[in-house]
Amino acid sequence: MTSLNVLLLFAALLFCVGLLGILIRRSLIVILMCLELMLAAAMLNLVAFNRYHLDETGLPATSLSIFIFFIIAVAAAEAALGLAIVTAIYKQKKNLNLNELNSLRDC
Amino acid sequence: MNLNPWLLLLIPLLSSLTIWWLLSATKSAVAAWFSTVSSVACLLIVIGLNQAEELGAYAFNWIEIDNLVLSIGLMLDSTALKMMLIVTGIGTLVNLFSTIYMAKDEHAARYYASLSLFLFSMTGIVLADNFIMMFIFWELVGLSSYLLIGHWFTKDSAANAAKKAFLMNRIGDFGFLIGILLVWVMAGTFHFDQLATMLQDKPAQIASLGAITLACLFCGALGKSAQFPLHTWLADAMEGPTPVSALIHAATMVAAGIYMLFRFQLSLGHDIAEMIFHTWAGTMIAYLGAATAVIAALCALAQSDIKKILAYSTLSQLGYMVMAIGLGFKGGEAAMFHLYTHAWFKALLFLGAGAIIYRCHHQQDIWKMGGLAKRMPITALCFIIGSAALMAIPIVTSGSYSKEQILEVVHHENIILFWVAIFVASLTVFYTLRLVIVVFSGFSRNDDSSDAKEAPIAMLVPLIILAVLAIISGLPKIAKILAPAYHEHPIVFNFVFISSTIAILIGAIAAFIIYKGKQREPLYLPVLKKAFGFDFLYEVFLVRWIQRFMAGLCQVIDQFLISAVIVNGLARLTAYIGQGLRQMHRGQLALYHLLLSAGMVVLIYLFVFA
Amino acid sequence: MEQTKIIMIDLFSFVPAILANVMPLGLTVIFGLLMLVSALVVILAKNPVTSALGMLACFVTLAALFIGLDAFFIGILQILVYAGAVMVLFLFIIMLLDLKEPSELEMSTVKPASIILGIVTVLLLLIQIGVVLSKIPTTLFAKINHAQAAKYFDSQSVITAKLNQGILPDAHLIGQALSLNYAFALQLIGIILLLATIGVIVIGQKSSH
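Residues numbered from 1 in each chain as written. Chains lettered and ligands numbered in written order. Predicted model: local features only at pLDDT ≥ 70, side-chain atom pairs only at ≥ 80, totals over all residues. Heavy atoms only, no water.

Asker: Break down the overall build of chain C for me, with residues and values.
Answerer: Counting secondary structure elements, chain C contains 11 helices and 0 strands. Each helix and strand of chain C, placed in order from N terminus to C terminus, yields the pattern α-α-α-α-α-α-α-α-α-α-α. Taking all 209 residues of chain C together, 35% fall into the buried category. When the accessible surface of chain C is summed, it comes to about 12000 Å², and 72% of that surface belongs to carbon and sulfur atoms. (Helix = DSSP H or I, 4+ residues; strand = E, 2+ residues; numbered from the N terminus. Buried < 20%, exposed > 50% of the residue type's maximum accessible area, 1.4 Å probe, protein only. Areas by Shrake-Rupley, 256 points an atom, 1.4 Å probe, with all protein chains shown as cover.)

In structure tokens, the structure reads:
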């Protein structure tokens, strides 16, 4: 039967893939997508624990479900804002290569 | 009378400090009389102490560490007190003489302060009751000599001469200090009166360490009494004022080396002293003294500066004394007696030379003087008496008594040195008579000396007193009262006496023949005039390399070590670290991501696994 | 719209027995692997459109996993919001900015050292996770007892009715909790979304000159 360990493993692997993507890729859009992947991994983790721990009614706790619901909402808002920033950057620099975006340097 | 001997130290010191701090702005006469009065006071105290029957112990402990006790104390035995007579006597006369000689000098106050400081230091050496105190005052004497030789330091040659004197003294003092420490190793004490008792039952120590100790102690005498090879500073020291040469470089400071060795002999006692001095060290001392005597005498007969002639003659006589003292206890007594007589007539000669120079408008070349016997009769008479004492004219002068004693001892101990001494005696007569003939007889050779008058009264008084002493101080009755370490010694017409008389005659005849009536120097001896080129040798083979080494060392330490490594190095290290840390702020997002992830991994490790 | 939603969830009532427990291991593993493969596509694809589509597949399989874990509402919401809105937004921006595959010139500025360091860091993390996971004993999920749970609710409500039927009324439960307990939080979420909208508009404005 499906055990908690398997799901946690998959969530961890998804998180690592997302982290790898952030560290490897140079395009800003792809990095944002990998960020979403990491969030999704966290959500999978939470959902697994949601099903694991049953409250006194014998059902999965609704408060955790609401928490996950809020995470989805905030993640969506953050994705939208990130994409707006990406658009602004592209308008300025015509380039989304991470190596070029270093104007915050100390010189 | 209960006179406190500490006053002998305090009066000159206070006088020096007072003149330095308070009187330097006043006229030179005030400082001069202050200094003279203080030295007269010291003289009176010394005479009083000599008369006194009972003298207490005067010492206080300065440093006590376990069984090492260093004290500052006064040893008031007869040798010391009679030596003090010489020091304060000549000190007073020199002070008196300087009142005229230095009257027109602008910095006379500094001169008198240094003079008082010198008297203070010399008193310390003479009255010291242990080696360490003697060493301290030894160094102070070196300092006073430096100040006095370099009195006119604005003249390059004077400043260099002062530096040379001090440095050569210092080199000797290095060996001296090692010798003092060896005394400690050998005997376990520094005090003179304990040496004999501590060494009584240590024959093994004496046998093994005695000679090397003596050799190292002699290094001090090498420096201070200007023996070969550290002899070159005395001739240059004539850059100082003439009264200074009279006091320091004739009578007292250069005699300190002899005095120290004699003190050592006295405190060891007759038997142990004979044991230690009859080793290779004693022989070395004797031969070095003889070498100095010969070299100096040879150089003296080619000089044309009156003070340089007298300086080389001092060197030669010191060589005699060192030669004598190296030959044992008897030689030590003879050396001290000669020191005593030499002090009076050499001071007389130098002060006489000072009077002549003063009246000849500071002309020092003997070939520019002449016929001064008629112009300055009293001065000339005193000078000639002094020269007679130097030549050791038998019976009539004091110099002969002491020189006879030395020759007796040397004849008894070492025949080679005896003939060397006879040769030097002959040379002494030769150059002294040369000096007298050229300066005083004949006619004046130069305008400077043609209008010379008799010396002023304040200069004549010391000259007359010293002339009297030059004649009578050798006589047994007087010597018993005044001389340190006197042994009744009748004049015996033996081989020694005859050979020395013949030597005197040979020298005199030679000088008369060669120099009578000459207008210019007849002999051409450049090697002797340049004093065998020792200065040049030292300069080229020693000084230059030492200076280069020191310069190199300074360069390494200052420019490389401190500048480049420490100061610059620290700056560069800081900049380097800063540069390294700056790499974190390059504005590269990828780097930031990497650092974040790495930090996260580290944190997980620390919290979960460690 | 609401009726459609309830019908969709009701469709699952046909398999009550299976849903008493979570998905069987095989299905979990299939969906999990598909998810990982899609994630790898996201990070390895050169074309950003390919990346976006990979992400889409990832989210869909993720939703399947959610549903397999009895989180029906969350699963559907995932597809609606992420696949429906966020991915569309991504694709929209990619198309708008006309992002192409990175040219040879751009790829050459990549430093191999940083890539290797990145891989190393992630590997270390994986090792740490692996060690931790290996120490946890295998824990299975408990079965949901619907009949038992029904006793805790008001006998007249839809929730009790559904529970007696053996269905987990996810949406109803969450709705009830949202309205009763987390109403204020709901309003706040609304404000956050409003702020996001305002922010997007402000950032996206043309510069004033």
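Asker: Give a detailed account of the overall build of chain B, specifying residues and quantitative values.
Answerer: Looking only at helices and strands, one finds 26 helices and 2 strands in chain B. Here chain B, with 610 residues, has 56% of them falling under the buried criterion. The contacts in chain B between residues at least 6 apart in sequence include a share of 81% that link residues at least 24 apart. Accessible surface computed for chain B: about 25400 Å², of which carbon and sulfur atoms make up 70%. (Contact = heavy atoms within 4.5 Å.)

Asker: Please provide a residue-by-residue account of the packing of aromatic side chains, values included.
Answerer: Residues and elements named next belong to chain B. For the structure shown, the criterion picks out 27 aromatic pairs over all chains. Taken together, a centroid distance of 5.2 Å and an interplanar angle of 55 degrees make the contact between Phe383 and Phe440 tilted. Residue Phe383 is found in helix H17 (residues 377–391), and its partner Phe440 is found in helix H19 (residues 415–440); the two are separated by 57 residues along the sequence. The same class applies to Phe383 and to Phe440, which are both buried. Seen in terms of ring centroids, Trp419 and Phe495 are 6.1 Å apart; in terms of plane orientation they differ by 75 degrees. Their pairing is edge-to-face. (Phe/Tyr/Trp six-rings, centres within 6.5 Å; stacked < 30°, edge-to-face > 60°.)

Asker: Account for empty space enclosed by the protein, with residues named and values stated.
Answerer: Taken as a whole and judged by the stated rule, the model has 6 cavities of 30 Å³ or more. The space that makes up the largest cavity amounts to roughly 100 Å³. Together, 13 residues line the largest cavity, and Asn50, Pro60 and Ser65 of chain A together with Asp70 and Asp170 of chain C are the ones closest to its centre. Looking at the lining of the largest cavity, the elements that each hand over two or more residues are helix H2 (28–52) and helix H3 (62–93) of chain A together with helix H10 (170–180) of chain C. The class makeup of the residues in the lining of the largest cavity is 7 nonpolar, 3 polar and 3 charged. (1 Å grid on protein atoms, 1.4 Å probe; cavity = no way out; pocket = protein on both sides within 12 Å on 5 of 7 lines; lining within 4 Å. Points joined across faces, edges and corners; volume = space filled by probe spheres on them. Nonpolar A, V, L, I, M, F, W, Y, C, P; charged D, E, K, R; others polar.)

Asker: Outline the layout of surface pockets, supporting the account with residue identities and numerical values.
Answerer: All names here are of chain B. If you add up the space inside the largest pocket, you get close to 780 Å³. As for the largest pocket, its lining consists of 20 residues, and the residues nearest its centre are Lys164, Leu167, Met168, Glu539 and Val543. When contributions to the lining of the largest pocket are tallied by element, the ones reaching two or more residues are helix H6 (156–187), helix H9 (232–236) and helix H25 (534–582). Grouping the constituent residues of the lining of the largest pocket by class yields 11 nonpolar, 4 polar and 5 charged.

Asker: An account of the interface of chain C and chain B is requested, with residue identities and associated values reported.
Answerer: Opposite the 9 residues of chain C that make contact, chain B presents 10 residues. In total, chain C and chain B occlude about 700 Å² of area from one another, counting both sides; carbon and sulfur atoms represent 79% of this. Interface area lost by chain C to chain B is led by Thr121, Leu125 and Gln128 of chain C, which between them contribute 62%. Applying the counting rule to chain C against chain B returns 0 salt bridges. On inspection of chain C and its partner chain B, the count reaches 1 residue pair in polar contact (both at pLDDT 80 or more). Split by residue class, the side of chain C that touches chain B holds 5 nonpolar, 3 polar and 1 charged. (Buried area = accessible area lost by both parts, 1.4 Å probe. Salt bridge = Lys/Arg side-chain N within 4 Å of Asp/Glu carboxyl O. Polar contact = N/O pair within 3.5 Å; in protein donor to acceptor, adjacent residues only side chain to side chain.)

Asker: If you had to explain the pairing of strand E1 (residues 58–65) of chain B to someone new, which residues and values would you point to?
Answerer: Here E1 of chain B pairs with strand E2 (residues 68–74) of chain B via 7 bridges, running antiparallel. When the sheet's bridge partners are listed, Ile63 of chain B is paired in E2 of chain B with Leu70 of chain B. (Pairing = 2+ DSSP bridges.)

Asker: Let's hear about the interface of chain C and chain A: which residues, and what values?
Answerer: With 87 residues of chain C in contact, the opposing surface of chain A contributes 72 residues. When chain C packs against chain A, close to 7000 Å² is buried across both sides, 81% of that on carbon and sulfur atoms. Looking at the side of chain C facing chain A, the largest losses of area belong to Ile43, Phe90 and Phe141 of chain C, adding up to 10% of the total buried there. For the interface between chain C and chain A, the tally reads 1 salt bridge. For Asp70 of chain C, the salt bridge identified is with Arg51 of chain A, shortest N-O distance 2.8 Å. Joining chain C to chain A, the criterion identifies 15 residue pairs in polar contact (both at pLDDT 80 or more). Of all the elements in the fold, those that place two or more residues in the side of chain C that touches chain A are helix H3 (25–44), helix H4 (48–68), helix H5 (72–97), helix H7 (112–135), H10 and helix H11 (183–204) of chain C. Looking at the side of chain C that touches chain A residue by residue, the classes come out as 69 nonpolar, 14 polar and 4 charged.

Asker: Explain the pattern of salt bridges to me, and be specific about the residues and the numbers.
Answerer: All names here are of chain B. Under the definition given, this model contains 5 salt bridges over all chains. As a salt-bridge pair, Lys155 and Glu239 come within 3.4 Å of each other at their nearest N and O atoms. Here Lys155 is found in the loop between helix H5 (131–149) and H6, whereas its partner Glu239 is found in the loop between H9 and helix H10 (242–251), with 84 residues between them in sequence. According to the relative accessible area criterion, Lys155 is partly exposed, its value standing at 42%. Where Asp236 meets Lys164, a salt bridge forms, and the shortest distance between an N and an O atom there is 2.6 Å. Taken together, the residues span a long stretch of sequence, with Asp236 in helix H9 and Lys164 in helix H6 at a distance of 72 residues. Asp236 gets classed as partly exposed once you look at its relative accessible area, which sits at 21%.

Asker: An account of H25 of chain B is needed here, citing residue identities and associated values.
Answerer: When the local axis directions of H25 of chain B are compared, the greatest deviation, roughly 40 degrees, occurs at Gly569 of chain B. At its buried positions, H25 of chain B is contacted by H6, H9 and helix H13 (280–300) of chain B. (Bend = angle between axes of the 7 residues up to and from the residue.)

Asker: Run through helix H11 (residues 255–268) of chain B, naming residues and quoting values.
Answerer: When the terminal C-alpha atoms of H11 of chain B are compared, their 20 Å separation across 14 residues agrees well with the 20 Å that a helix rising 1.5 Å per residue should span. Two residues or fewer after H11 of chain B comes Gly269 of chain B, characterised by a positive phi angle close to 85 degrees. (Expected span 1.5 Å × (residues − 1).)

Asker: Tell me about the environment of Lys162 of chain C, residues and numbers included.
Answerer: Relative to the helices and strands, Lys162 of chain C is located in helix H9 (residues 158–164). Distance from Lys162 of chain C to His172 of chain C, taken between C-alpha atoms, is 9.6 Å for residues 10 residues apart in sequence.

Asker: Talk me through the environment of Val468 of chain B; I want residue IDs and the actual numbers.
Answerer: All names here are of chain B. Mapped onto the elements, Val468 comes out in helix H21 (residues 457–472). With relative accessibility at 44%, the residue Val468 sits in the partly exposed group. It is 8.7 Å that separates the C-alpha atoms of Val468 and Ile385, two residues lying 83 residues apart in sequence.

Asker: Now, about the packing of H5 of chain B against H10 of chain B: what can you tell me, with residues and values included?
Answerer: Residue and element names in this part refer to chain B. Taken N-terminus to C-terminus, the directions of H5 and H10 make an angle of 155 degrees; their axes are 11 Å apart at the nearest point. Regarding the angle of H5 to H10, the classification is roughly antiparallel. When the axes of H5 and H10 are compared, the crossing they make is left-handed. Contact with H5, carried on its side by Ser145, Leu148 and Ile149, involves Val244, Ile248 and His249 of H10 and no other residues of that element. (Axes fitted to C-alpha atoms, helices over the stretch in contact; angles between N-to-C directions. Parallel < 35°, antiparallel > 145°, perpendicular 65-115°, else oblique. Left-handed = near helix turned anticlockwise from the far one by under 90°.)

Asker: Before we move on, can you summarise the side chain of Lys403 of chain B with the specific residues and values?
Answerer: All names here are of chain B. Among the structural elements, Lys403 can be located in helix H18 (residues 398–413). Summary of buried charges: Lys403 has no salt-bridge partner, and the nearest side chain of opposite charge, Glu404, is 8.5 Å away. Dropping the residues within four chain positions of it, Lys403 is found in contact with Gln317, Tyr320, His338, Leu390, Ala392, Ala425 and Thr428. (Lys, Arg positive; Asp, Glu negative; His and termini not counted.)

Asker: Which residues make up the pairing of E2 of chain B, and what are the values?
Answerer: Counting buried residues in E2 of chain B gives 5 out of 7 residues, a clear majority hidden from the surface. Between E1 of chain B and E2 of chain B, which pair antiparallel and follow one another directly, the connecting turn spans 2 residues, one of which, Asp66 of chain B, has a positive phi of 50 degrees.

Asker: Which residues make up the confidence of the model for chain C, and what values go with them?
Answerer: This prediction gives chain C a mean pLDDT of 84; 86% of its residues lie at or above 70. In the model output, the complex is listed with pTM 0.68 alongside ipTM 0.91. (pLDDT = per-residue confidence, 0-100.)

Asker: Can you lay out the packing of H10 of chain B against helix H15 (residues 329–359) of chain B for me, pointing to particular residues and giving the numbers?
Answerer: Residue and element names in this part refer to chain B. Two elements in contact, H10 and H15, have axes separated by 9 Å at closest approach and are oriented at 160 degrees. Considering the angle they form, H10 stands roughly antiparallel to H15. Relative to H15, H10 is oriented so that their crossing is right-handed. Here H10 contributes Thr242, Pro243, Ser245, Ala246, His249, Ala250 and Ala251 to the contact with H15, which in turn contributes His342, Ala343, Lys346, Ala347, Phe350, Leu351, Ala353, Gly354 and Ile357.

Asker: Could you give an account of unusual backbone geometry, naming the residues involved and the relevant values?
Answerer: The amide bond that connects Phe228 of chain B to the next residue, Pro229 of chain B, takes the cis arrangement and shows omega of 5 degrees. For Pro229 of chain B, the position within the fold is in the loop between helix H8 (203–224) and H9. Unlike most non-glycine residues, Lys94 of chain A shows phi in positive territory, near 60 degrees. Within the secondary structure, Lys94 of chain A sits in the segment after H3. For Asp70 of chain C, which is not glycine, the phi dihedral falls at a positive 65 degrees. Looking at where Asp70 of chain C falls in the secondary structure, it is placed in the loop between H4 and H5.

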